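For reference, the chains in residue letters:
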Amino acid sequence: MPKRKCIFNDRQKKLYKCFVDDRDVSEANCIICDCYVSVANKGSYDLKAHLDTTKHKSRIASSAVSSSVILDNFVINKNTHDILKVSAVEGTLAFHTVVHHHSYRSMDCTPVILRSITTFSEIVIECLKSIPFTSIATDASNHGNTKMFPILIQYYDYLNGGINVKLIDIKNTKNETSDTVCELLLESRNKNNIKSKCIAFVGDNTNTNFGGINRISGQNIFTKLKSSVNKNLLGVGCPAHILHNAIHHGVDQFD
């Protein structure tokens, strides 16, 4: 009497995430090696045996290396010439304050003066000339009873490190209503000549930004920007929250 064949069942699919259904119920397809593995004879032991093969281990190692290389293309080098120049300026200002015994309170107005002198970096303006699309982002930061809104632009420049994030303005407001924040974003966008390039708004999923997680149209920044900037404007959640959720759900898969 012939032996009954083992099949690739649901329990094995949960235990071995790198295997998926294949051409036959007694076979599994390894998505890492792109090959067929028969489970007809020993079931789960056949899958374990494949995981221990040199081919599978080398494929995993090469995938990890290539993934890290691809990821590195999107990470800005912190030791570039421009970054070092900015760090030198910041360090010099701090040293100047200490050496000459300036009051730290007097330094509160320094950022305002510097913004008036250098309204927007010429380097950024030059970069944006060749950039077709940008996104704009902001989030409230409470400093005592003052609400501060840094305004950032994000864009992709393959010649200069991939994804770039630039601070174009920082303002304080008396409140953080959708009307106030939207007005700030529109003002910064128009002042820095990125009106026609803005295709996305980035923020966390608060009611003020998106009307909640379901992004219901109404009295929120996203809706107002769509009506003022671009009806096809994209809404992008906070990258930190997205990364946190991705890691959270990824780790859950190991349970």
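Conventions we followed
- Residues numbered from 1 in each chain as written.
- Predicted model: local features only at pLDDT ≥ 70, side-chain atom pairs only at ≥ 80, totals over all residues.
- Heavy atoms only, no water.
- Axes fitted to C-alpha atoms, helices over the stretch in contact; angles between N-to-C directions.
- Helix = DSSP H or I, 4+ residues; strand = E, 2+ residues; numbered from the N terminus.
- Parallel < 35°, antiparallel > 145°, perpendicular 65-115°, else oblique.
- Left-handed = near helix turned anticlockwise from the far one by under 90°.
- Contact = heavy atoms within 4.5 Å.
- Nonpolar A, V, L, I, M, F, W, Y, C, P; charged D, E, K, R; others polar.
- Disulfide = S-S within 2.5 Å.
- Buried < 20%, exposed > 50% of the residue type's maximum accessible area, 1.4 Å probe, protein only.
- Phe/Tyr/Trp six-rings, centres within 6.5 Å; stacked < 30°, edge-to-face > 60°.

- Under the annotation held in an unreviewed UniProt entry, the protein chain carries the name Protein FAM200B-like and is attributed to Aphis craccivora.

## Thoughts on the packing of helix H7 (residues 178-191) against helix H9 (residues 221-228)
1) Next: At a closest axis distance of 9 Å, the pairing of H7 and H9 adopts a crossing angle of 40°. Taken as axis vectors, H7 and H9 run oblique relative to one another. The chirality of how H7 crosses H9 is right-handed. Contacts between H7 and H9 involve Ser 178, Asp 179, Val 181, Cys 182, Leu 185, Leu 186 and Arg 189 from the former and Ile 221, Lys 224, Leu 225 and Ser 228 from the latter.
2) Next: Residue classes in the contact of H7 with H9 are distributed as six nonpolar, two polar and three charged.

## Remarks on the environment of Leu 233
1) Next: Here Leu 233 is to be found in the loop between H9 and strand S9 (234-236).
2) Next: Residues Leu 233 and Ala 200, spaced 33 residues apart in sequence, show a C-alpha to C-alpha distance of 5.2 Å.
3) Next: Setting aside its immediate chain neighbours within four residues, Leu 233 contacts Cys 198, Ile 199, Ala 200, Phe 201, Phe 222, Leu 225 and Lys 226.

## A closer look at the state of the cysteines
1) Next: Inspection of every chain in the model, using the stated rule, returns zero disulfides.
2) Next: For the unlinked cysteine Cys 33, the closest cysteine sulfur is that of Cys 30, found at 3.9 Å.
3) Next: Taking the relative accessible area as the measure of exposure, Cys 33 reaches 3% and is therefore buried.

## What about the packing of aromatic side chains?
1) Next: Applying the stated criterion across every chain, the model contains three aromatic pairs.
2) Next: The interplanar angle of 45° and the centroid separation of 5.4 Å between the aromatic rings of Phe 201 and Phe 210 together place this pair among those described as tilted. Phe 210 carries the same exposure label as Phe 201, and that label is buried.
3) Next: With a centroid separation of 5.3 Å and 55° between ring planes, the pair formed by Phe 210 and Phe 222 is classed as tilted. You can see Phe 210 sitting in helix H8 (residues 207-210) and its partner Phe 222 sitting in helix H9, a full 12 residues away along the chain.
4) Next: Classification of Phe 210 by relative accessible area gives buried; the value is 0%.

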